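# Examining the three-dimensional arrangement
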Amino acid sequence: MSEKSVSIAFTGDLSFTKYFSDLSVREKIIDNTVYNFLAQSDYCVGNIEGPVMSAKYANGKEFSHFTDASKAALIAGMNIKIWNLANNHMLDFGDDGLNETLKYAEKNGCCFVGAGKNADDASTPIIINEGAGVGIISVTYTSAFSKNGGKCRCLNWNDTESIKKSIAEIRS
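A brief look at the structure comes next. All values derive from a computational prediction rather than experimental measurement. In this convention, every chain numbers its residues from 1, walking through the sequence in written order. Whole-chain, interface and lining totals are the exception, using all residues; otherwise, since this is a predicted model, local features are given only for residues with pLDDT of at least 70 and side-chain atom pairs are given and counted only at 80 or more. Values shown for side chains rest on all heavy atoms present in the structure; no hydrogens or waters enter the calculation.

## Looking at the overall build of the protein
What the protein contains, in helices and strands, is seven helices and eight strands. Residue burial is assigned from relative accessible area. The probe radius is 1.4 Å, only protein chains are included, and a residue is buried under 20% of its type maximum, exposed over 50%, and partly exposed in between. Here the protein holds 172 residues, and the buried ones make up 47% of them. Each helix is a run of H or I in the DSSP string that is no shorter than four residues. Each strand is a run of E no shorter than two, and both are numbered from the N terminus.

## Points about the side chain of Thr-67
Looking at the secondary structure, you find Thr-67 in strand E4 (residues 67–68). Judged by relative accessible area, which is 0%, Thr-67 ranks as buried. Beyond its immediate chain neighbours, meaning those up to four positions away, Thr-67 contacts Leu-14, Ser-15, Phe-16, Pro-51, Val-52, Met-53 and Ile-75. Note on definitions: a residue-residue contact is assigned when non-hydrogen atoms from the two residues lie within 4.5 Å.

## Details of unusual backbone geometry
With glycine set apart, most residues show a phi of negative sign, and most peptide bonds adopt trans. In this structure, Asn-79 is a non-glycine residue whose phi angle is positive, near 70°. Along the chain, the position of Asn-79 falls in the loop between helix H3 (72–77) and strand E5 (82–84). For Asn-79, a relative accessible area of 19% translates into the label buried.

## Some details on helix H4 (residues 94–107)
Owing to its 3.6 residues per turn, the α-helix aligns residues three or four sequence positions apart on the same side. For H4, with 14 residues, the first-to-last C-alpha span of 20 Å sits near the 20 Å given by 1.5 Å per residue. Gly-94, Gly-97, Leu-98, Glu-100, Thr-101, Leu-102, Tyr-104 and Ala-105 are the residues of H4 that are buried. Looking at the buried side of H4, the elements it contacts are strand E3 (52–53), H3, E5 and strand E6 (111–113). Where H4 terminates, the next one or two residues include Gly-109, which has phi positive at roughly 70°. Take the residue count of a helix, subtract one, and multiply by 1.5 Å to get its expected span.

## A word on the pattern of salt bridges
Side-chain pairing between opposite charges can occur once the charged atoms of the two side chains come close. Counted as salt bridges are all cases of a side-chain nitrogen of Lys or Arg within 4 Å of a carboxyl oxygen of Asp or Glu. Applying the stated criterion to the full structure yields five salt bridges. Close ionic contact of Glu-161 with Lys-164 constitutes a salt bridge, the shortest N to O distance being 3.9 Å. Of this pair, Glu-161 and Lys-164 both sit in helix H7 (residues 160–171), three residues apart, roughly one helical turn. Each member of the pair Glu-161 and Lys-164 is classed as exposed.

## With respect to the packing of aromatic side chains
What counts as a ring pair is set by centres within 6.5 Å for rings of Phe, Tyr and Trp (its six-membered ring), and what kind of pair is set by the plane angle: stacked under 30 degrees, edge-to-face over 60, tilted for all other angles. Enumeration according to the criterion identifies one aromatic pair in this entry. On the numbers, 5.7 Å between centres and 85° between planes, the contact of Phe-66 with Phe-93 is edge-to-face. Placement of Phe-66 in the loop between E3 and E4 and of Phe-93 in the loop between E5 and H4 is noted, with a sequence separation of 27 residues between them. On the accessibility criterion, Phe-66 (13% relative accessible area) is buried.

Any link to function would need more than the numbers given here.
Written out as structure tokens, the structure reads:
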């Protein structure tokens, strides 16, 4: 590992929902001060609060979150290259929403943590080997699984064995 310092920024929830559907210019969505802070970070982790999707699926829930796929490049363009997907809204649209999210992350040169194609993928840490080295995992709580029929595609905070395995991988 190098002696160089590394800066990592973390965002709160990001969800460019219907209220942002007509906005396509970054300056209209995010303040320049915030944008510059994110741009100056070596790494930026964004909590993607709900799936990134090209289609709008009706699920009848008032508080279902998603980001229109047209905003995926905008997110990546804000230097948010690590997408945290372990949260209570990622499975609002089930497997279809998560599958599209993974596709758009990869298409825009972003990696993801906390959810994935399966339980092993969801528990795979992001490892930054610069500076002192940093490992990132992300977990969500049990109610996120009820939205997907109990299928394990997000790392559950009760899954202590997978969490221990992820931490051991980071330390190795």
